[in-house]
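# A look at the structure
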Amino acid sequence: MSQPAVTLWSDSHYFSPYALSVYVALKEKGLAFSLQTVDLASGQNLKPGWKGYDLTRRVPVLAVGDFVLSESSAIDEYLEERFSPPTWERIYPHDIEKRARARQIQAWLRSDLMSIREERSTAVVFAGAKMPPLSAAGQQAANKLIETAMGLLPQGQQNLFGEWSIADTDLALMLNRLILNGDDVPERLKEYAAFQWQRASVQLWVALSAKTTG
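Throughout what follows, the structure given in this document is the object of discussion. (Residues numbered from 1 in each chain as written. Predicted model: local features only at pLDDT ≥ 70, side-chain atom pairs only at ≥ 80, totals over all residues. Heavy atoms only, no water.)

## Focus on empty space enclosed by the protein
Stated formally: A cavity here means a set of 1 Å grid points, computed over protein atoms only, where a 1.4 Å probe fits but cannot escape. A pocket is an open set with protein on both sides within 12 Å along at least 5 of 7 lines, and lining residues have an atom within 4 Å of a point. Grid points are joined across faces, edges and corners, and a volume is the space filled by probe spheres set on the points. Only DSSP runs of H or I with at least four residues qualify as helices, and only runs of E with at least two residues qualify as strands; both kinds are numbered from the N terminus onward. Note on residue categories: nonpolar means Ala, Val, Leu, Ile, Met, Phe, Trp, Tyr, Cys or Pro, charged means Asp, Glu, Lys or Arg, and polar means any other residue, Gly included.
As enumerated under the stated definition, the model contains one cavity of 30 Å³ or more in all. Each pocket or cavity is described by its volume, and for the largest cavity that value is around 70 Å³. Taken together, P17, Y18, L109, R110, D170, L173, M174 and R177 form the lining of the largest cavity. Looking at the lining of the largest cavity, the elements that each hand over two or more residues are α1 (17-29), α3 (96-111) and α7 (166-179). When residues in the lining of the largest cavity are grouped by element, the largest group, four residues, is from α7. Classifying every residue of the lining of the largest cavity gives five nonpolar, no polar and three charged.

Below, the structure written as structure tokens:
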């Protein structure tokens, strides 16, 4: 089926966990798209003329034809509705309650656990950086993440909902902030995160980030 022109804007180092989420969604959908970058370090995103300037001035930004959208969870949901199953691959669970839970997980990962995001930047995940021990607040957030993830992940399963969804990628990224730094994480969650990280769409993103740090 023909599709409109699709463009994704990411940070220039491919470190954004939110741009990763949209990139994986596009790849899993099987959509053709062009990938553009914006230099966040120089403040290019804060200058008029950049495609996302009139939105939130953050990445990711997605353009589908003349429609431009920012904020990764909104983009993921838009892609699922705009390029809907069965014509296009599914990125959210088929079941309505499971689909709602996946969106809950995405919203939670983006709005909570700030101490982890501050003390375990994605340089840990994509550039092999090592960070000092977690602060008390960071450890408290890590404990919350681990306890919640253990409760969400069914015993003996490698996906949250018995089938892959974009929430699996988002949760694996957050866990890998700890795991790849060498922090203490239960083996079951390490295995889950490693399994999710080997997904072809994720590894394509990892390869992009490796080119900018190698």
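So much for the structure itself; the text now carries on.
## A few points about α3
Going by this rule: Take the residue count of a helix, subtract one, and multiply by 1.5 Å to get its expected span. Think of it in three bands: with a 1.4 Å probe and only protein chains considered, a residue is buried below 20% of the maximum accessible area for its type, exposed above 50%, and partly exposed in between. By definition, residues are in contact when any of their heavy atoms lie within 4.5 Å.
Helix length check: α3 (16 residues) gives 23 Å between terminal C-alpha atoms against 22 Å at 1.5 Å per residue, within 8%. Every buried residue of α3 is accounted for by R99, A102, I105, Q106, W108, L109 and R110. Buried residues along α3 sit in contact with α1, α2 (72-82), α4 (114-119), α6 (136-152) and α7.

## Digging into the packing of aromatic side chains
As a reminder of what qualifies: Aromatic rings from Phe, Tyr and Trp, taking only the six-membered ring of Trp, are treated as a pair when their centres fall within 6.5 Å; an angle between ring planes under 30 degrees marks them as stacked, one over 60 as edge-to-face, and anything in between as tilted. When the NZ atom of lysine or the CZ atom of arginine is within 6 Å of a ring's centre and also within 35 degrees of its normal, the charge is said to sit over that ring.
A complete count under the given rule lists seven aromatic pairs for this structure. Measuring from ring centre to ring centre gives 6.0 Å for F15 and F126, while their planes differ by 25°; the resulting arrangement is stacked. Of this pair, F15 sits in the loop between β1 (6-11) and α1 while F126 sits in helix α5 (residues 123-127), and the two are 111 residues apart along the sequence. R82 extends its terminal NZ or CZ atom over the ring of F83, reaching a point 4.8 Å from the ring centre. In this arrangement the basic side chain of R103 is found over the ring face of Y92, its NZ or CZ atom lying 5.0 Å from the centre.

By themselves these figures say nothing about function.
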